[in-house]
There are 2 protein chains.
Amino acid sequence: MHREKVMNKDSIVIIGAITAGGSAAFKIKRANPGAVVKVFESGEHVSYASCGLPYYISGVIHDYNSMVARTRRHFQEAGIELYTMHDVKSIDLNKGEITANDLETGKKSMHGFDKLLLATGASSIIPPLEGVELAGVVALRTLQHGLSLKEMVCKQDIRKVVIIGGGYVGLELAETFVTLGKEVRLLDKLPQVMGTMDPDMASLLEEELIKNGVKLHKGESLVAFEGDTKGKLRKVISDQGQYEADLAVLALGVRPNSQLAGDAGIKLGVNRAVAVDRYLQTSEPRVFAAGDCAEAYHRLLKRNVYMPLGTTANKQGRLAGDNICEAMSLFPGVLGSAVVKVFNVSAGRTGLTEKEAEENNLPYASVIINSRDHAVYYPGSQPLCIKLVYSPADGLLLGGQIVGSEKSVKRIDTLATALTAGLTIDVLREVDLAYAPPFSRVWDPVTVAANAASSRLKREHMK
Amino acid sequence: MHREKVMNKDSIVIIGAITAGGSAAFKIKRANPGAVVKVFESGEHVSYASCGLPYYISGVIHDYNSMVARTRRHFQEAGIELYTMHDVKSIDLNKGEITANDLETGKKSMHGFDKLLLATGASSIIPPLEGVELAGVVALRTLQHGLSLKEMVCKQDIRKVVIIGGGYVGLELAETFVTLGKEVRLLDKLPQVMGTMDPDMASLLEEELIKNGVKLHKGESLVAFEGDTKGKLRKVISDQGQYEADLAVLALGVRPNSQLAGDAGIKLGVNRAVAVDRYLQTSEPRVFAAGDCAEAYHRLLKRNVYMPLGTTANKQGRLAGDNICEAMSLFPGVLGSAVVKVFNVSAGRTGLTEKEAEENNLPYASVIINSRDHAVYYPGSQPLCIKLVYSPADGLLLGGQIVGSEKSVKRIDTLATALTAGLTIDVLREVDLAYAPPFSRVWDPVTVAANAASSRLKREHMK
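The structure presented is a predicted model; accordingly, all values stated were derived computationally and were not measured.

Next up on the list: the overall build of chain A. The number of helices and strands found in chain A is twelve helices and 25 strands. Relative to its length of 463 residues, chain A is compact, with a C-alpha radius of gyration of 24 Å against a globular reference of 23 Å. Viewed in the frame of its principal axes, chain A has a C-alpha envelope of about 70 × 60 × 40 Å. The burial tally for chain A puts 58% of its 463 residues in the buried class. As displayed, chain A has an accessible area near 18,300 Å², and 49% of this comes from carbon and sulfur atoms.

Printed below as a string of C-alpha cells:
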C-alpha cells in the first residue's frame, strides 16, 4: 500500500459533495488546515440527507433546509473551495489533474491534485423502457428530485401513483403517497417486497401495506409507460396489467456513478462500483473512493460488495479523509444493517438473510419467534417478530431480521453488535438485556429468539 | 460439584412461587413429568410481575390479573402441587424435609425432598425508625402491597406523598403519584437519585423529576415518622426538615429472605444472600437457590454480587430448574442491565459505573456525549445522552449509561452485548448500526460515544 503524509500545501480534489465527499472534506481540513481542498459537485445542493426526502414530500418534514447538514457557508468557513454546478469531465492520472465544466458558464477549468477522492455517488436505475421519458415518470435520488416531486404533488392534480420497486425507498414512498391521500399501487418484479429480507419477514410488511390501502403487485414486471398526446404519463403497463397513473416513481435501486473513474483507467469492481481496498484506496494509489460510488467491504462475507447506504457513505467519507491525510485505518466493514418504517410497522435487518447465506454457499439454519415489544400488561404493546439466521455447525450468528413497532426495531443493533463480535447464539442468549414494563418483556424478544435457536440447534445435534 | 439426574419419582420442593420459583417449577415439570414438584408460597398470589405495580397503582394498568404470568390453575394443569398461604418454617437437611405452616388453618405439615430450591425472594428494607408502624407508612414489594396501596389511594383523601428512596421503584412511584395528582416529595440520603448510575447522568433524571413538580430532597436522611392520635401518619421527619404527609412510601431497596436458609445451616454470602456457585447450587449440594434471595454472578467483576432484578430471577429460576433435573449449565452472569421510565425521560444502564469501577479498583475513564434519538430534521427528536466507562489501558468497555427518550434507551442492549463479547470501544465504534430518519441519526449516538472515547484514548496515549 502506498502511503504518504499529506503536506500542508498539498492539493486535495474531491468529486462529489453530498455525503462521503462532504464528510471527507471537513475531516481533511480539520486534520490539515493548510491543505488546499477543492470539492466539485455537479448539482446545486450540497451535503444533504436524501434519506429524509420521502418525509419532505409527505409534509412530515416542512423545511428542506433542515435536511442540509452543511451549507455552502459551512464549506466556506472551513476554508474548503466548493465548486457547485461543476461537472468533472475527466481525470488525467498522469498529470494529476481533473477537468471540470462550469454548467452555468460553460467554462472549462483544470485543477491539479496530489490526492483525489471519488465521491460521485450513485444514480437511480432508469430502465430503458418505452415512455420512461414521459412527464410524470420520475425517480427520487437527489434533493433536486425531491423538490421537483414535492412541487408536482402540490401543484398538479395527482390522484393515482404507481411506485415501481419495493425496497426501502419504494416502501417509504408508499407511506408518503398514502399520507398525501393518493391511490397507491406498488409493483415489484420479485415475489416479495424488501428483497433484503427473507420472504417470511417481508410478508409482515406486505400485510401492513395492504392494510393501509396500497395495491400490491408482486412478481410483476414493468413493461412500458403510456402517455397522452401532450407527453404526459397516462398508464403504467406491466407484464400482467395496465394501470392508470398520474405519477410513476421509479424506485428500482441505484447504480454507482463510476463512468468517470472507469474512463480514467481506475479499476471498477462489484456491480461496476469503484474497486477499493480496505483503506478505500483505488487501483491508483493517489485516488481514493468512498460512498455510493464505491465498493464496501462486508464484515461477514470478507469480500467487497455493493451496498450503498447513507451510514456507510458517511463512515467511508470520514475514513477516506483520514487516510488521505495520515491516519491509515482499515474500513471495518458493513453488515447491511438497516431499518425502515412502513406505516405503523417497522423493520430492521443486519448480516445475512437465508437467501444471502445460500447465495454465498454458507450452511445456515433459522428460527422465527413471535413476541411483543414490551410487557403485555403495560398498555400499547405491539407484536414483535424476530428471525435469526445462524450456522448449524457451530451456532455462529449470521444475521437477524426484526419486524415490529417503531420503538422496538432498533434491537437490530444488538444483533449487529453480536455479529461484529462473532457471537454464537449460545452467547447471545446469555446477554443481560435491560427490562422494565414499558421497554421490554422480562424475557426480551432477542433472548427468546436466541433461546429458540439454541434449543433447535441442540435438538438437531442430538438427532 | 455434586451431580445426579432427577429420577422420575423424585420429590422437588420449591420455596417461593413468585418469579424464580414459578419459572423453575414449570421447567422441571416439562423436563421430568413424573417428578413430584411441590411449591410453597407464604402469600396468596403467585407468579406475578411486581415490576408492573407502580403502573397498576397509577391506573395505567387497569386489571392486576394481567400482571399474573401463571395462575393457580396453570400450576394445577401442569401437575405442580401449589401450597399458597403456607409458610415454610424450617428445613431439615439431614432428613431432607421441610416443615410448612398453613397460615389459614395453622396446621403443620412435613414434606420430604430429594432436591430443594430456595426462591424465597426479598423483602423491602424497613428502617427501624420511630413511627414506621403508623398507618400510611407503606412499602411496595408484593402484589398484596400493591392492592392495598391502590385501595388506599382510591379510598382515602391522600394529597401529600413522601417517597423515601430514589432508586428504580422510588422514581417510578414519583411518576405514579404525580399522575394521580398528588403532591410528591422524594427523599434520598445520597447526594443523587438512582445510585446505580453516576451523578452526572442521574442529574438528568433529577431535572425531569423537578420539571414534573416532584420536590426533590437529596442528601437528606429519614429520621422518624410522626402520627396523629389515631396512629395515622402526619409527618415525615428528616435530618433537615419536617414534611406533612398523608402517605409515605419506603423505597429503600430490598434485602434477601435468607433467614430460613441461614437457620438450616446453608451458607449465606454477599449481603446475606444465599451463597451459590455458578450452577446455582448452595453450600448444600441438594439445595439450589435462585432469584432475589440469592447471589448473582457478575460477568465483569467475576464474582458474586447481590443485584436483585426481575430478569435475573426469571433466568436463574429457569436455570435452577434445568440444573435440578439434568442439564447442568453455568449461570452466565449479570451486568446489572436495567431501564427505567421517569415521566418523559428514560434511563438505561449496564456494566460498571465510574463509582463501581472505583470501588472495584479497576482503572477507568469515561466520556459523555450529547446527541439526539433520531434525525434532527425528522419531527419529534429528543436529546439522548450516552456515557461510556472504559479501561484506559486497553479501551475495553466497562459500562454504559443512557438517558433519553423512551424509544431510545434500549440502545443500552447494544452496550450490554458489547460487554458480554468483551469488545473494546474501538470495535464498538466499528459496529454497523442501523439508520433511517425516524430511528437514529446517521451517526448513531452509540457510535458517536464510542468515537469520542476512542479519540480521547488516543489523545491520552500520545501525551
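Next comes the rest of the account.
On to the relation of the copies chain A and chain B, then. By a simple turn and slide, chain A fits onto chain B: the slide is 0.0 Å along the axis, the RMSD is 0.0 Å, and the turn is 180°. Expressed as an axis order, the relation between the two copies is that of a two-fold axis. When you check the interface residues of chain A against chain B, 100% turn up at the interface there too, and the contact is symmetric in its surfaces.

Using the criterion set out here, one finds 43 salt bridges over all chains in the structure. For Lys-387 of chain B, the salt bridge is made with Asp-200 of chain B, and the minimal N-O distance between the two is 2.8 Å. Of the two residues, Lys-387 of chain B sits in strand 24 (residues 383–390) while Asp-200 of chain B sits in helix 6 (residues 199–211), which places them 187 residues apart along the sequence. Take Lys-387 of chain B: its relative accessible area is 0%, and that puts it in the buried class. A salt bridge links Glu-354 of chain B to Lys-387 of chain B; the nearest nitrogen and oxygen atoms lie 2.6 Å apart. Of this pair, Glu-354 of chain B sits in helix 9 (residues 354–359) while Lys-387 of chain B is found in strand 24, placing the two residues 33 residues apart along the sequence. Through salt bridges with shared partners, a single network forms among Asp-198, Asp-200, Glu-354 and Lys-387 of chain A.

Turning next to helix 1 (residues 20–31) of chain A. Residue and element names in this part refer to chain A. Taking 1.5 Å per residue as the helical rise, helix 1 with its twelve residues ought to reach 16 Å, and the 16 Å between its terminal C-alpha atoms agrees with that figure. Burial analysis of helix 1 places ten of its twelve residues in the buried class, which makes it a mostly covered element. Residues of helix 1 that are buried include every one of Ala-20, Gly-21, Gly-22, Ser-23, Ala-24, Ala-25, Phe-26, Lys-27, Ile-28 and Lys-29, and no others. Against the buried residues of helix 1 lie strand 1 (11–15), strand 2 (36–41), helix 3 (72–77), strand 7 (115–118) and helix 8 (310–325).

Turning our eyes to something else, we now look at empty space enclosed by the protein. If you walk through the whole model with that rule in mind, you get nine cavities of 30 Å³ or more. Considering the residues around the largest cavity, the lining is formed by Lys-407, Ser-408, Lys-410, Arg-411, Asp-413 and Thr-414 of chain A together with Lys-407, Ser-408, Lys-410, Arg-411 and Thr-414 of chain B. Partitioning the lining of the largest cavity into residue classes produces no nonpolar, four polar and seven charged.

How two aromatic rings sit relative to each other is given by the distance of their centres and the angle of their planes. For the structure on display, the rule yields eight aromatic pairs over all chains. Measuring from centroid to centroid gives 4.9 Å for Phe-26 of chain B and Phe-75 of chain B, while their planes differ by 70°, and the two rings are edge-to-face. Here Phe-26 of chain B is found in helix 1 (residues 20–31), whereas its partner Phe-75 of chain B is found in helix 3 (residues 72–77), with 49 residues between them in sequence. A residue is classified by how much of its surface remains accessible, and Phe-26 of chain B, at 10% relative accessible area, is buried. Here Tyr-56 of chain B and Tyr-64 of chain B contribute two aromatic rings whose centre-to-centre distance is 6.0 Å and whose plane-to-plane angle is 75°, an arrangement assigned as edge-to-face. Here the guanidinium or amino end of Lys-150 of chain A rests over the ring plane of Tyr-56 of chain A, the centre of that ring lying 5.1 Å away.

Below, the discussion takes up the pairing of strand 12 (residues 215–218) of chain A. All names here are of chain A. Summarising the sheet, strand 11 (residues 183–188) and strand 12 pair through four bridges and their orientation is parallel. Paired with Leu-186 across the two strands is Leu-216, which belongs to strand 12. You can see the chain leave strand 11, run along helix 6 (residues 199–211) and come back into strand 12, and the turn it takes is right-handed.

Our next topic: the sheet that holds strand 4 (residues 86–92) of chain B. The strands making up a sheet associate through hydrogen bonds between their backbones, and the pairing can be parallel or antiparallel. Residues and elements named next belong to chain B. Across the sheet, which stays open at both edges, the three strands sit in the order 4-5-6 with antiparallel pairing between neighbours. Because the sheet does not close on itself, it has two edges, and the strands there are strand 4 and strand 6 (108–112). The mean inter-strand angle of the sheet, taken between neighbouring strand axes irrespective of direction, is 25°. Sheet analysis places strand 5 (residues 97–102) next to strand 6, joined by five bridges and oriented antiparallel. Bridge pairing in strand 6 links Ala-100 to Ser-109.

Right, let's get into unusual backbone geometry. We note that Asn-361 of chain A has phi near 55°; this positive angle belongs to a residue other than glycine. Positive phi outside glycine occurs at Arg-272 of chain B, with the angle close to 60°. With respect to the helices and strands, Arg-272 of chain B occurs in the loop between helix 7 (259–263) and strand 18 (287–289). Arg-272 of chain B gets classed as exposed once you look at its relative accessible area, which sits at 57%.

With 59 residues of chain A in contact, the opposing surface of chain B contributes 59 residues. Regarding the contact of chain A and chain B, the summed buried area is about 5,200 Å², with carbon and sulfur atoms giving 65% of it. Of all residues in chain A, the largest losses of buried area upon contact with chain B belong to Tyr-377, Asp-432 and Phe-439 of chain A, amounting jointly to 15% of the total for that side. Linking chain A with chain B are four salt bridges.

A separate point is the nonpolar core. Residues Leu-388 of chain A together with Leu-388 and Leu-428 of chain B are the most contacted members of the largest nonpolar core, which totals 60 residues. Every residue in contact with Leu-388 of chain A, bar those within four places of it in the chain, is listed here: Ala-365, Ser-366, Val-367, Leu-397, Gly-399, Gly-400, Leu-415, Ile-425, Leu-428, Ala-449 and Ala-450 of chain A.

Take the environment of Leu-140 of chain B next. All names here are of chain B. As for its placement among the helices and strands, Leu-140 is situated in the loop between strand 9 (137–139) and helix 4 (143–155). The buried category is assigned to Leu-140, whose relative accessible area is 11%. Measuring from C-alpha to C-alpha, the distance between Leu-140 and Pro-54 comes to 8.6 Å, with 86 residues separating the pair along the chain. Aside from chain neighbours lying at most four places away, what touches Leu-140 is Leu-53, Pro-54, Ile-57, Ser-124, His-145, Gly-146, Leu-149, Leu-173 and Leu-250.

Attention now moves to the sheet that holds strand 7 of chain A. Residue and element names in this part refer to chain A. If you trace the five strands from one edge of the open sheet to the other, you get 3-2-1-7-18, paired in parallel fashion. Since the sheet does not close on itself, it has two edges, and those belong to strand 3 (81–84) and strand 18 (287–289), each with one partner. For this sheet, the mean inter-axis angle between neighbouring strands, taken without regard to orientation, is 15°. Sheet topology places strand 1 next to strand 2; five bridges connect them, and they run parallel. Each bridged residue has a counterpart across the sheet, and for Ile-14 the counterpart in strand 2 is Val-39. Sheet strands in contact with helix 8 are strand 1, strand 7 and strand 18, and its direction is about 170° off that of strand 7.

Further remarks concern the packing of helix 10 (residues 412–421) of chain A against helix 10 (residues 412–421) of chain B. Between helix 10 of chain A and helix 10 of chain B, whose axes approach to 8 Å, the crossing angle comes to 20°. Considering the angle they form, helix 10 of chain A stands roughly parallel to helix 10 of chain B. For the element pair helix 10 of chain A and helix 10 of chain B, the recorded crossing hand is right-handed. Taking contact as the criterion, the partners of Asp-413, Thr-414, Thr-417, Ala-418 and Ala-421 of chain A in helix 10 of chain A are, on helix 10 of chain B, Asp-413, Thr-414, Thr-417, Ala-418 and Ala-421 of chain B. Class assignment for the residues of the contact of helix 10 of chain A with helix 10 of chain B results in four nonpolar, four polar and two charged.

Turning next to the packing of helix 1 of chain A against helix 8 of chain A. Residue and element names in this part refer to chain A. Contact pair helix 1 / helix 8: the axes reach a minimum separation of 7 Å and the direction vectors enclose 35°. You can see that helix 1 and helix 8 cross each other, and the crossing is right-handed. Together, Ala-20, Ser-23, Ala-24, Lys-27, Ile-28 and Ala-31 of helix 1 and Ala-313, Asn-314, Gly-317, Arg-318, Gly-321, Asp-322, Ile-324 and Cys-325 of helix 8 make up the contact between the two elements. Residues belonging to the contact of helix 1 with helix 8 are distributed by class as follows: seven nonpolar, four polar and three charged.

This part takes up the state of the cysteines. Scanning the entire structure with this criterion turns up zero disulfides over all chains. With no disulfide of its own, Cys-325 of chain B lies closest to Cys-293 of chain B among cysteine sulfurs, the gap being 18 Å.

What follows covers the side chain of Arg-411 of chain A. Along the chain, the position of Arg-411 of chain A falls in the loop between strand 25 (397–404) and helix 10. Engagement of the side chain of Arg-411 of chain A in a polar contact is seen with the side chain of Asp-444 of chain A, the distance being 3.0 Å. When neighbours within four sequence positions are excluded, Arg-411 of chain A is seen to be in contact with Asp-373, Leu-384, Ile-402, Phe-439, Ser-440, Asp-444, Pro-445 and Val-446 of chain A together with Lys-410 of chain B.

Cut-off values and rules
- Residues numbered from 1 in each chain as written.
- Chains lettered and ligands numbered in written order.
- Predicted model: local features only at pLDDT ≥ 70, side-chain atom pairs only at ≥ 80, totals over all residues.
- Heavy atoms only, no water.
- Helix = DSSP H or I, 4+ residues; strand = E, 2+ residues; numbered from the N terminus.
- Rg over C-alpha atoms; globule rule 2.2 N^0.38 Å.
- Buried < 20%, exposed > 50% of the residue type's maximum accessible area, 1.4 Å probe, protein only.
- Areas by Shrake-Rupley, 256 points an atom, 1.4 Å probe, with all protein chains shown as cover.
- Least-squares fit on C-alpha atoms with pLDDT ≥ 70 in both.
- Contact = heavy atoms within 4.5 Å.
- Salt bridge = Lys/Arg side-chain N within 4 Å of Asp/Glu carboxyl O.
- Expected span 1.5 Å × (residues − 1).
- 1 Å grid on protein atoms, 1.4 Å probe; cavity = no way out; pocket = protein on both sides within 12 Å on 5 of 7 lines; lining within 4 Å.
- Points joined across faces, edges and corners; volume = space filled by probe spheres on them.
- Nonpolar A, V, L, I, M, F, W, Y, C, P; charged D, E, K, R; others polar.
- Phe/Tyr/Trp six-rings, centres within 6.5 Å; stacked < 30°, edge-to-face > 60°.
- Lys NZ or Arg CZ within 6 Å of the ring centre and 35° of its normal.
- Pairing = 2+ DSSP bridges.
- Right-handed = clockwise from strand over helix to strand, strands pointing away.
- Axes fitted to C-alpha atoms, helices over the stretch in contact; angles between N-to-C directions.
- Buried area = accessible area lost by both parts, 1.4 Å probe.
- Core = buried A, V, L, I, M, F, W, Y, C linked by side-chain atoms within 4.5 Å.
- Parallel < 35°, antiparallel > 145°, perpendicular 65-115°, else oblique.
- Left-handed = near helix turned anticlockwise from the far one by under 90°.
- Disulfide = S-S within 2.5 Å.
- Polar contact = N/O pair within 3.5 Å; in protein donor to acceptor, adjacent residues only side chain to side chain.

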